[in-house]
Amino acid sequence: MLNVGRPSRPGAVTQGHDLESTYTGNKALNLETPLIFEQGVKGRVGVDMRDPKEVKSRLGGLERNEEVGLPDLSEPQVVRHYVRLSRQNYSIDAGFYPLGSCTMKHNPRINEKAARMKGLGDIHPMQPVSTVQGALALIDDLAHWLKTITGMSAVAMSPAAGAHGELCGIMAIRAAHDAKGEQRTRILVPESAHGTNPATAALCGYKVESVPARADGRMDLDAFEAKLGPDVAGVMLTNPNTCGLFENDVKKIADLIHSVGGYFYCDGANLNAILGRTRPGDLGVDAMHINLHKTFSTPHGGGGPGSGPVVLSDALAPYAPVPFVVEEGGNYSLQEQVEEGAAKSFGRMKTFHGQMGMFIRALAYMLSHGSDGLRQIAEDAVLNANYIRVGLDDLLNSPFEGVCMHEALFDDSTLKDTGVTTLDIAKAMIDEGYHPMTMYFPLVVHGAMLIEPTESETKETLDLFIGSMRHLIEKAQTSNDPEFFVQAPKFAPRKRLDETAAARSPILRWTAPE
Amino acid sequence: MRYMPHTAEERQAMLQKIGVSSIDDLFVDIPEDARLTGLLDLPKHAPEMDVDAKMLAYGAQNLSPSSAPSFLGAGAYRHHVPSVVDHLIQRSEFLTAYTPYQPEISQGTLQALFEFQTQVALITGMDVANASMYDGATACAEAVLMACRATRRKKAILSCNLHPHYREVTDTTVQFTDFSVESLPPSIDGVEDLTADLGKDIACVVVQNPDFFGRLQDLSDLADKCHEVGALLVVVVTEVVSLGAVRSPGDMGADIVVGEGQSIGVPLSYGGPYVGLFATRQKYVRQMPGRLCGETTDQDGTRGFVLTLSTREQHIRREKATSNICTNAGLCSLAFSIHMSLLGEVGFAKLAKLNHSEAAAAADKISAIDGVDVLNETFFNEFTVKLPVPAQDAVEKLAAKGILGGVPVSRLLPNADGFENLLLITVTETNTDDDVDQLVAALKEIANA
Amino acid sequence: MSTKYTKDHEWVTVEGDVATVGISVYAQEQLGDVVFVEVPDMGRELEKGDELAVVESVKAASEVYAPVKGEVVAVNEDLEDKPSLVNEDAQGAGWFAKIKIEDTSDLEDMMDEAAYKEYTEGLS
């Protein structure tokens, strides 16, 4: 009988062993990695390069004479470090990421390929314009798509992100008022507004004044009208708003703000919901930023880089920041300097021309979808959100009646007295393999849960998600076991982290041991 | 459509579950006269193959620095990026994650940010750094705002030789605030008196090293003079590779160091996205704008990382926030960090030395051309050349020969007198001897024409 | 002298012509774990209602206003290293600053212990 070789079936499980911990701290595919600074050994290096020529130094006696303190590693070590790190992240590629107001949709890889193409990814911002006609044509074509989608007459391409775009829009408004010699002081915002709105207004010398919401979650038109006056510079309105609802009085809001000589700034964070169904230009908007990293799927990259072009009405277009592309008879040039005049550009917002890498990705995305696909995006995103809304609204309370746009909003009223909070539900979702929804925003809704599924998800994914949420909420409501939730997440690379300790004595860098 | 999964039957079933008869019923809140009935006037959806071809066609119309001798700088620099960098940042878990608001499932991004912050603090010689800004110019503007807040003063002085775009972005950013900026006029001889107006009303002095024309200087005396009157010294670095060879701004007494991190790990990409660096002293940490990652422990006592000090941010402070900025340049800071990890102490120093030696060797050859002068006594890898002809014309002629020969100073400073013939030339490790010889030959021809 | 309270949840005790100021036990409960307190510079002249300090928790930042007009004559430097004092002993070791009172009438419209208790009960 041949009795060598490996066993071919698992042995019986015996009780009483420590099943939780390992010698290394790793758990099979869950691999830990120390800080890069804890790994180096002098003498290793992760790059090769030719030896420098012997020359007379021109550093003027300013040679660095101390070590920087960087660790030395080989290339495979570096690869392993970052591969291990990456595996501690949740991502849209791996699972459902219904983070409200962030539009976590699929990121097509043709966009990544295009951004790295020769002649696109490797060109220098200060090349003679005669050598970058293709790049300028690309920017101009993207501008055409953005203007057509929004029904606006101009677009400032350079802002680097949503908040930067917001700053661009409000600066254009300020510049337009200044050009007319008008000194206005107030900007009106609904109380559900993003925190960036007041921060932006403050940088432009304006004070924000909050307008209350109606019971249906939209801005209170009467309260808005009562606050209007000749000192109001404009209104900043997110539409669809941060509660996932379309501001159905938007045209009246536009008329009212225009009647006092103010401008209408629309926060375009939620543009995904209305692509091809309506155009901000038809709603009376004067300026709106577009988050290319949300609506047009340039990847979020763990928190950036973003890109926030701003579409502008005729009234604000002359104040757009430099630089911008000018096309004349198929020949492209760049206007890089502010030209003096009564109505002139308010200045420059970025070192160079904008987030070109994001422009390339966004245009590839738009070309892939086309006019029909863009409209389908909005329809499927709204369909999916409403599907989740009706799938959960017998267990969770929707604070506002009626259909939603691209995100479903619930409050925590049905969790009252269970000992389980919105945060606990979110952390339990992690154990179920989801990225949690946006929580505690908008602030106007108690214990808010804001769920944005996007158009990327299948019906099967949504059904399973609804089932998981129902399971958790029913458990919270009936099991009388808040401890189960407080311990979540149990299966993530880390348990809940102590944010208080982090903020009380901030440790913001590694320091060499003495 | 390849990106959207629903079939017509599924859509119908979902509408039924929702309790509406058509998709239009979900868009009823849009005012009737603003609803689009037909499609937008744009092409319809396209197969991936067609999109690929279209994007290639855009690229083909540009002269790629990968296939032409290129000596461009002025705030963006061509360097070799190891293949590992682009591979790693394209891993799904980095590329398609959001801001790490759920730390339990975002330790990858968070630990990488913590390491990035440490690297930036180390190379700048500062105590702490943030998780990055949009780019160098926006970081510079934020430094001025921060200095005004930290000192409770309202005025900043900008050096004459700060990158003109940095100055413009700073001017633009502060123009509607209570703060003001005094800019000294650009000067090619580098002589300026930054201390003439330096008094107890000045929040900070902003100076670039190497400066816009490539010159290096010791800023220690300036730092002392700033500190004597309670002002901060802000040092701008646009070519971060220089820090591998040159004494750090922190070592010279800077209070805030801002810079452009593109040179390490980030492709040129026609000007963006890049990665703004921001570092400062420990005592100003709560005044620092932007995102910060900090170390802490989890319920089990295991080390972990979280976004921290978020009370400074606009979500909470609203109009009193340190800045209106929400995002950092996440993926670009990751690319920076991976490239820096590959370089290490030895590689970073050698890369800097290589850049300097290539530039010095090229400068010697260029200054030997009749009628062409290298104006710099000191430089790192970028220097200013005076041509006998307008630099704008020269770069067009060079481009016609397939050489990207430098950046005319007049492109960034069109209204300054006496700068028409000045050309900024950068030489990095990516330039071969043959590249330099081609440039020298072409410049000879232009100078003698 | 007994402790007095403002509607913004500052407390004040007076010894001689110096008022010690902090935030109430109720206020620190509402804020949660305090992580940082920005105290005023010594010698600063404050009007009644000026921003005296900023107290930060992980989730919120709140301004603390000067309940009386006067010069800052002392600040609690222990808070820099131990902001948790505000949670542990809000109306003792967690004090923020001492102000030299210029006008005692500033104290007149403040609440006493009982009135403040009633006021906070009405808030929840």
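Since this is a predicted model, take the numbers as computed values, not measurements. (Residues numbered from 1 in each chain as written. Chains lettered and ligands numbered in written order. Predicted model: local features only at pLDDT ≥ 70, side-chain atom pairs only at ≥ 80, totals over all residues. Heavy atoms only, no water.)

Visitor: What is the right way to look at the overall build of chain B in this model?
Guide: A tally of helices and strands in chain B yields 14 helices and 13 strands. Each principal axis of the C-alpha atoms in chain B carries an extent, and together these give about 80 × 55 × 50 Å. Relative to its 449 residues, chain B shows a buried fraction of 67%. For chain B, contacts bridging at least 24 residues in sequence account for 71% of all contacts bridging at least 6. Total accessible area computed for chain B in this model is approximately 14100 Å², and 49% of it derives from carbon and sulfur atoms. (Helix = DSSP H or I, 4+ residues; strand = E, 2+ residues; numbered from the N terminus. Buried < 20%, exposed > 50% of the residue type's maximum accessible area, 1.4 Å probe, protein only. Contact = heavy atoms within 4.5 Å. Areas by Shrake-Rupley, 256 points an atom, 1.4 Å probe, with all protein chains shown as cover.)

Visitor: For this particular structure, what's the right way to read a negative patch on the surface?
Guide: Residue and element names in this part refer to chain C. A surface patch of negative charge is lined by E77, D78, E80 and D81. By the element assignment, D81 lies in helix α2 (residues 78-81). Exposure remark for D81: the relative accessible area of 68% places this residue in the exposed category. (Patch = residues over 30% accessible without salt bridge, like charges linked within 9 Å, V, L, I, M, F, W, Y side chains within 5 Å. Salt bridge = Lys/Arg side-chain N within 4 Å of Asp/Glu carboxyl O. Lys, Arg positive; Asp, Glu negative; His and termini not counted. Charge placed at Lys NZ, Arg CZ, Asp CG, Glu CD.)

Visitor: Mind showing me how you'd approach the side chain of E93 of chain B here?
Guide: With respect to the element layout, E93 of chain B can be found in helix α4 (residues 92-95). Beyond its immediate sequence surroundings of up to four residues, E93 of chain B is in contact with S86, R87, N89, Y90 and S91 of chain A.

Visitor: What am I meant to see in the pattern of salt bridges here?
Guide: Oppositely charged side chains can pair when the atoms bearing their charge come close. Enumeration according to the criterion identifies 51 salt bridges over all chains in this entry. One salt bridge in this structure joins E358 of chain B and K53 of chain A, with 2.7 Å as the shortest N-O distance. Residue E358 of chain B is found in helix α11 (residues 330-367), and its partner K53 of chain A is found in the segment before α1 (75-86); the two belong to separate chains. Given a relative accessible area of 3%, E358 of chain B falls into the buried group. Residue classification places K53 of chain A among the partly exposed residues on the basis of a relative accessible area of 29%. Of the charged contacts, one joins D178 of chain A and R174 of chain A as a salt bridge, the two residues approaching to 3.3 Å between their closest N and O atoms. Highlighted residues: D178 of chain A and R174 of chain A, both in helix α4 (residues 162-179), separated by four residues, approximately one helical turn. Note on D178 of chain A: relative accessible area 35%, which makes it partly exposed. Overlapping salt bridges, with partners in common, bring together R50 and K53 of chain A together with E358 and D433 of chain B in one network.

Visitor: In this structure, what is going on with the pairing of strand β13 (residues 422-426) of chain B? I would like to understand it.
Guide: Each regular strand displays side chains that alternate between the two surfaces of the sheet. Residue and element names in this part refer to chain B. For β13, a buried count of five out of five residues is recorded, marking the element as mostly surrounded by other parts of the structure. Alternating residues of β13 divide into L422, L424 and T426 and L423 and I425, and every residue in both groups is buried. Relative to β13, strand β12 (residues 407-408) is paired through two bridges, and the arrangement is antiparallel. By the bridge assignment, V407 is partnered in β13 with L424. (Pairing = 2+ DSSP bridges.)

Visitor: Explain the pairing of strand β2 (residues 186-190) of chain A to me, please; I cannot follow it from the model alone.
Guide: Residues and elements named next belong to chain A. Counting buried positions along β2 gives five out of five residues, so the element sits mostly inside the fold. Both faces of β2 are covered, namely the face carrying R186, L188 and P190 and the face carrying I187 and V189. In this sheet, strand β4 (residues 232-238) lies alongside β2 in parallel orientation, the contact comprising three bridges. Within β4, the residue paired with L188 across the bridge is V235. Taken together, the five bridges between β2 and strand β3 (residues 207-211) define a ladder with parallel strand orientation.

Visitor: Help me understand the interface of chain A and chain B in this model?
Guide: Many analyses report the size of an interface as the accessible area lost when the parts associate. Opposite the 203 residues of chain A that make contact, chain B presents 198 residues. Summed over both partners, the interface of chain A with chain B comes to about 17600 Å²; 62% of that surface belongs to carbon and sulfur atoms. Among the residues chain A hides against chain B, the three largest losses belong to R58, L62 and L508 of chain A. Together they make up 5% of the total. Summed over the shared surface of chain A and chain B, the result is 17 salt bridges. Measuring nitrogen to oxygen at the nearest pair gives 2.7 Å for the salt bridge that ties E336 of chain A to R411 of chain B. Along the contact surface separating chain A from chain B lie 106 residue pairs in polar contact (both at pLDDT 80 or more). Broken down by class, the residue content of the side of chain A that touches chain B amounts to 100 nonpolar, 56 polar and 47 charged. (Buried area = accessible area lost by both parts, 1.4 Å probe. Polar contact = N/O pair within 3.5 Å; in protein donor to acceptor, adjacent residues only side chain to side chain. Nonpolar A, V, L, I, M, F, W, Y, C, P; charged D, E, K, R; others polar.)

Visitor: Looking at this structure, I do not really get the sheet that holds strand β9 (residues 97-101) of chain C. What am I missing?
Guide: Remark on secondary structure: sheet strands pair via backbone hydrogen bonds, oriented parallel or antiparallel. Residue and element names in this part refer to chain C. As summarised here, the arrangement of the six strands in space is β1-β2-β3-β9-β8-β5, forming an open sheet in which the pairing is antiparallel. The open sheet is flanked by β1 (4-5) and β5 (45-46), the only strands paired with a single partner. Relative to strand β8 (residues 70-75), β5 runs antiparallel, the two sharing two bridges. Opposite L46, over in β8, you have G70 as the bridge partner.

Visitor: Sorry if this is basic, but what is going on with the domain arrangement of chain A here?
Guide: Residue and element names in this part refer to chain A. Split by domain assignment, chain A resolves into domain 1 (110-366) and domain 2 (370-491). The distance between the C-alpha centroids of domain 1 and domain 2 comes to 30 Å. Between domain 1 and domain 2, the residue contacts involve 27 residues of the former and 21 residues of the latter. Between domain 1 and domain 2 lies a buried interface of about 1900 Å² when both sides are counted; carbon and sulfur atoms form 64% of it. Per-residue buried area on domain 1 facing domain 2 is highest for C243, N272 and A273; these three make up 25% of the total on that side. At the junction of domain 1 and domain 2, the tally comes to one salt bridge. For R277, the salt bridge goes to E379, with nearest N and O atoms at 2.7 Å. For the interface between domain 1 and domain 2, the tally reads seven residue pairs in polar contact (both at pLDDT 80 or more). Contributing elements (two or more residues each) for the side of domain 1 that touches domain 2: α3 (133-150) and α8 (356-392). (Domains from an automatic or database assignment.)

Visitor: Before we go on, may I ask you to explain the state of the cysteines in this structure?
Guide: Note: disulfide means a covalent bond formed between the sulfur atoms of two cysteine side chains. Evaluated as defined, the whole model comprises zero disulfides over all chains. Distance from the sulfur of C404 of chain A, which forms no disulfide, to the nearest cysteine sulfur (C243 of chain A) is 11 Å. Just so you know, C160 of chain B is unpaired, no disulfide at all, and the nearest cysteine sulfur is the one on C140 of chain B, 14 Å from it. Relative accessible area serves as the criterion here: at 2%, C160 of chain B is assigned to the buried category. (Disulfide = S-S within 2.5 Å.)

Visitor: Is there a simple way to explain helix α6 (residues 136-151) of chain B in this structure?
Guide: Since one α-helical turn is 3.6 residues long, residues separated by three or four positions face the same way. Residue and element names in this part refer to chain B. In a regular helix each residue adds 1.5 Å, so 16 residues correspond to 22 Å; α6 covers 22 Å between its end C-alpha atoms and thus fits that length. With 14 of 16 residues buried, α6 lies mostly within the body of the structure. Note on α6: the residue one or two positions beyond its end, R152, has a positive phi of about 55 degrees. (Expected span 1.5 Å × (residues − 1).)

Visitor: Help me understand the domain arrangement of chain B, please; the structure alone is not making it clear to me.
Guide: Residues and elements named next belong to chain B. Domain boundaries assigned for chain B yield domain 1 (83-339) and domain 2 (346-448). On the side of domain 2, 20 residues touch domain 1, which itself brings 23 residues to the contact. Between domain 1 and domain 2, the buried area comes to about 1700 Å², and carbon and sulfur atoms account for 75% of it. On inspection of domain 1 and its partner domain 2, the count reaches zero salt bridges. Linking domain 1 with domain 2 are four residue pairs in polar contact (both at pLDDT 80 or more), by the criterion used here. Split by residue class, the side of domain 1 that touches domain 2 holds 13 nonpolar, six polar and four charged.

Visitor: Please clarify how the packing of aromatic side chains should be interpreted in this entry.
Guide: Per the stated rule, a full pass over the model turns up 16 aromatic pairs over all chains. The interplanar angle of 50 degrees and the centroid separation of 6.2 Å between the aromatic rings of Y98 of chain B and Y101 of chain B together place this pair among those described as tilted. Using a relative accessible area of 15% as the deciding quantity, one classes Y98 of chain B as buried. Measuring from ring centre to ring centre gives 5.3 Å for F116 of chain B and F336 of chain B, while their planes differ by 80 degrees; the resulting arrangement is edge-to-face. Of the two residues, F116 of chain B is situated in helix α5 (residues 107-124) and F336 of chain B in helix α11; the sequence distance between them amounts to 220 residues. For the pair F116 of chain B and F336 of chain B, one class covers both residues: buried. Ring pairing ties together the aromatic residues F96, Y434 and F465 of chain A, which thus form one cluster. Between the NZ or CZ atom of R174 of chain A and the centre of the ring of Y206 of chain A, over which it lies, the distance is 5.8 Å. (Phe/Tyr/Trp six-rings, centres within 6.5 Å; stacked < 30°, edge-to-face > 60°. Lys NZ or Arg CZ within 6 Å of the ring centre and 35° of its normal.)

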